[in-house]
Amino acid sequence: MTATVNYSRPPLILGDLVRHPMPKAARGALLRSVSRLANQPVHTTWVSVQHPGHLRPGSILLSWEPSPGGGMDVTARLGLASAEVVLATWPDLHGDWTPIVHPTVFEVLGLHAALMVATDALHLSNHLAAAS
């Protein structure tokens, strides 16, 4: 089962959401698009806590909650083929913390895409070797 995401709704801009706690019905904000430029908006979609499911490989889910220091404790989770792992945590971030998490999530999305291309190339190579 994969995380329930409603792509028919317009994306939410992460920077508009980060100063407030997540809605109680949300498990987190799934990143829909991340520009290479840190000053561009990061588009997200809420993921329902009622249908948590497993994240699709390469998907990144951000979740946050108020910290004792008055900021937000932020966690990023990465969907892999067989598991969901904690990618990073950022404690007690204040204000618009989008630029702080942007470099990490952008790099991980690029690394995951490169790994998938390499994996597909290896599978194709093995298939061609077995066929000859």
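What comes next concerns the included structure. (Residues numbered from 1 in each chain as written. Predicted model: local features only at pLDDT ≥ 70, side-chain atom pairs only at ≥ 80, totals over all residues. Heavy atoms only, no water.)

Here's the deal with the overall build of the chain
The cut-off we apply is this: Numbering of helices and strands starts at the N terminus; helices are DSSP runs of H or I of at least 4 residues and strands are runs of E of at least 2. Relative accessibility decides the category of a residue: with a 1.4 Å probe and only protein chains considered, values under 20% of the type maximum give buried, values over 50% give exposed, and everything between is partly exposed. Note on contacts: a residue pair qualifies if any of its non-hydrogen atoms lie within 4.5 Å across the two residues. Here, Shrake-Rupley sampling with a 1.4 Å probe gives the accessible areas, and only protein chains in the shown set may cover a residue. Charged residues are defined narrowly, with Lys and Arg counted positive, Asp and Glu counted negative, and His plus the chain ends left uncounted. A charged residue contributes its charge at one atom only: NZ of Lys, CZ of Arg, CG of Asp or CD of Glu.
Scanning the chain from N- to C-terminus turns up 2 helices and 6 strands. Reading the secondary structure of the chain in the N-to-C direction produces β-α-β-β-β-β-β-α. For the chain, the spread of C-alpha atoms along the three principal axes comes to 65 × 30 × 30 Å. Across the 132 residues that make up the chain, the buried fraction comes to 33%. Considering only contacts within the chain whose residues lie at least 6 apart along the sequence, 54% involve residues at least 24 apart. Accessible surface, the chain as shown: approximately 7800 Å² in total, 60% of it carbon and sulfur. Charged side chains in the chain number 8 positive and 8 negative. The centres of these two groups are separated by 9 Å.

Some remarks on the pairing of strand E2 (residues 26–33)
To be explicit about the condition: In this scheme, strands are said to pair when DSSP sees at least two bridges between them.
Summarising burial for E2: 6 of the 8 residues are buried, a large majority. The pairing of E2 with strand E3 (residues 43–48) spans 6 bridges and is classified as antiparallel. The residue bridging Leu30 from the neighbouring strand is Thr45, located in E3. Pairing of E2 with strand E4 (residues 60–66) involves 2 bridges; the strand directions are antiparallel. Paired with Ala29 across the strands is Leu62, a residue of E4.

Examining the sheet that holds E4
Whenever strands of a sheet pair, they do so through backbone hydrogen bonds, lying parallel or antiparallel. Pairing within the open sheet is antiparallel, and its 6 strands lie in the order E1-E3-E2-E4-E5-E6. Across the chains shown, the open sheet's two edge strands, defined by having one partner strand only, are strand E1 (12–13) and strand E6 (84–93). The sheet contact formed by E1 and E3 spans 2 bridges and is antiparallel. Paired with Leu12 across the bridge in E3 is Thr44.

Some thoughts on the pairing of E6
Moving residue by residue along a regular strand, the side chains alternate between the two faces of the sheet. Across 7 bridges, strand E5 (residues 72–79) lies against E6 in antiparallel orientation. Each residue of the ladder has a partner; that of Met72, found in E6, is Leu93.

Considerations on helix H2 (residues 98–131)
Applied cut-off: Multiply 1.5 Å by the residue count of a helix minus one, and that product is the helix's expected span.
Over its 34 residues, H2 extends 48 Å from the first C-alpha to the last, a length consistent with the 50 Å expected when each residue adds 1.5 Å. Of all the residues in H2, the buried ones are Thr98, Val101, His102, Val105, Val108 and His112. Next to the buried residues of H2 lie helix H1 (14–17), E2, E4, E5 and E6.

Observations regarding the packing of aromatic side chains
Going by this rule: Any two of the Phe, Tyr and Trp rings considered here, Trp counted by its six-membered ring, make a pair once their centres fall within 6.5 Å; the pair's planes then place it as stacked at under 30 degrees, edge-to-face at over 60, or tilted in between.
According to the stated counting rule, one finds 2 aromatic pairs in the structure shown. Consider the rings of Trp46 and Trp64, whose centres lie 5.7 Å apart with planes at 40°: the pair is tilted. Separated by 18 residues along the polypeptide, Trp46 in strand E3 and Trp64 in strand E4 bring together distant segments of the chain. Residue Trp46 is classed as partly exposed on the basis of its relative accessible area, which comes to 26%. Ring geometry for Trp64 and Trp97: centres 5.2 Å apart, planes at 70°, overall edge-to-face. Taken together, the positions of Trp64 in strand E4 and Trp97 in the loop between E6 and H2 put the pair 33 residues apart, joining distant regions of the chain. The class of Trp64 is buried, set by a relative accessible area of 3%. With a relative accessible area of 0%, Trp97 lands in the buried category. By the ring-pair criterion, three or more aromatic residues cluster together here, those being Trp46, Trp64 and Trp97.

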